[in-house]
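Chain residues, written in single-letter form:
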Amino acid sequence: MGIVDLVAQRSTCIRRQVGAVIVKDKNILATGYNGAPRGLAHCMDVGCIRDQLSVPSGEKHELCRGLHAEQNAIIQAAYHGVGISGATIYTATYPCIICAKMIINAGITRVVYRQAYNDRLSQELLQEARIIVERFAPDGQPGGS
């Protein structure tokens, strides 16, 4: 999770810094942080659409310039032709519904997160897909979901 925190420092989101790391067989396959797509202006440069529209956290994910850390990590793996089926994704925050669907379709089999995020549908779909979900415990060891 220390690497997740390091990756999150690259975030260009002015609301929340989130990092994600995809690991398989003790090897880091891809990393991602939340921010605007490659080559586009970042929220820290042009302002936050969500703030301007008063969009509450956890709602209307599509109203944002940026991608989530989990999305960027999955895309980064695909961009470089790295297979992530059977991998674990470590993330600072519980995945939202959009990220959960991408995690499922990418073949990721385990999610380890630190901070809770109230998205009931995400929880239901990850459970239905039999993805192992664990909350990272303060002592550094994965805990229960």
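Residues numbered from 1 in each chain as written. Predicted model: local features only at pLDDT ≥ 70, side-chain atom pairs only at ≥ 80, totals over all residues. Heavy atoms only, no water.

Caption draft 1: Molecular detail of the overall build of the protein chain. A count of helices and strands for the protein chain gives six helices and five strands. For 145 residues, the compact-globule formula gives about 15 Å, and the C-alpha radius of gyration of the protein chain, at 15 Å, lands near that figure. The principal-axis extents of the C-alpha atoms in the protein chain amount to approximately 40 × 30 × 30 Å. For the protein chain, the proportion of its 145 residues judged to be buried stands at 41%. In the protein chain, the share of contacts with a sequence separation of at least 24, taken over all contacts with a separation of at least 6, comes to 50%. Summed over its atoms, the accessible surface of the protein chain is roughly 8,200 Å², and 50% of this surface lies on carbon and sulfur atoms. Once the 15 positive and 12 negative side-chain charges of the protein chain are each reduced to a mean point, those two points are 3 Å apart. (Helix = DSSP H or I, 4+ residues; strand = E, 2+ residues; numbered from the N terminus. Rg over C-alpha atoms; globule rule 2.2 N^0.38 Å. Buried < 20%, exposed > 50% of the residue type's maximum accessible area, 1.4 Å probe, protein only. Contact = heavy atoms within 4.5 Å. Areas by Shrake-Rupley, 256 points an atom, 1.4 Å probe, with all protein chains shown as cover. Lys, Arg positive; Asp, Glu negative; His and termini not counted. Charge placed at Lys NZ, Arg CZ, Asp CG, Glu CD.)

Caption draft 2: Broad picture of helix H4 (residues 69–79). Regarding H4, the residues found buried are Ala69, Glu70, Gln71, Asn72, Ala73, Ile74 and Ala77. Positive phi appears at Gly81, one or two residues downstream of H4, with a value of about 70°.

Caption draft 3: Structural context of the confidence of the model for the protein chain. Mean pLDDT over the protein chain stands at 91; residues scoring 70 or higher make up 95%. The secondary-structure element of the protein chain with the lowest mean pLDDT is helix H3 (residues 49–52), recorded at 83, while strand E1 (residues 19–24) shows the highest, at 98. (pLDDT = per-residue confidence, 0-100.)

Caption draft 4: The state of the cysteines, seen in detail. Enumeration over the complete set of coordinates arrives at zero disulfides. Free cysteine Cys13: the closest other cysteine sulfur is in Cys43, separated by 6.0 Å. Classification of Cys13 by relative accessible area gives buried; the value is 17%. Not engaged in a disulfide, the cysteine Cys96 finds its nearest cysteine sulfur in Cys99; these two sulfurs lie 3.8 Å apart. (Disulfide = S-S within 2.5 Å.)

Caption draft 5: Summary view of the side chain of Asp119. Here Asp119 lies in the loop between strand E4 (110–115) and helix H6 (120–128). No salt bridge is formed by the buried Asp119. Its closest oppositely charged neighbour is Arg120, at 9.0 Å. Among residues more than four places away in sequence, those in contact with Asp119 are His61, Cys96 and Ile97. (Salt bridge = Lys/Arg side-chain N within 4 Å of Asp/Glu carboxyl O.)

Caption draft 6: Spotlight on the sheet that holds E1. Taken together, the five strands give an open sheet; going across it, the order is E2-E1-E3-E4-E5, and neighbouring strands pair in mixed fashion. Edge positions in the sheet fall to strand E2 (27–33) and strand E5 (132–135), since each has one partner strand and no second. Direction aside, neighbouring strands of the sheet carry axes that sit 20° apart on average. Bridge analysis of strand E3 (residues 88–93) against E4 gives five bridges, and the strand direction is parallel. Residue Ile89 lies in a different strand from E4, and its bridge partner there is Val111. On top of the sheet, H4 reaches E1, E2 and E3; it is set at about 130° to E2, its chief contact. (Pairing = 2+ DSSP bridges. Axes fitted to C-alpha atoms, helices over the stretch in contact; angles between N-to-C directions.)

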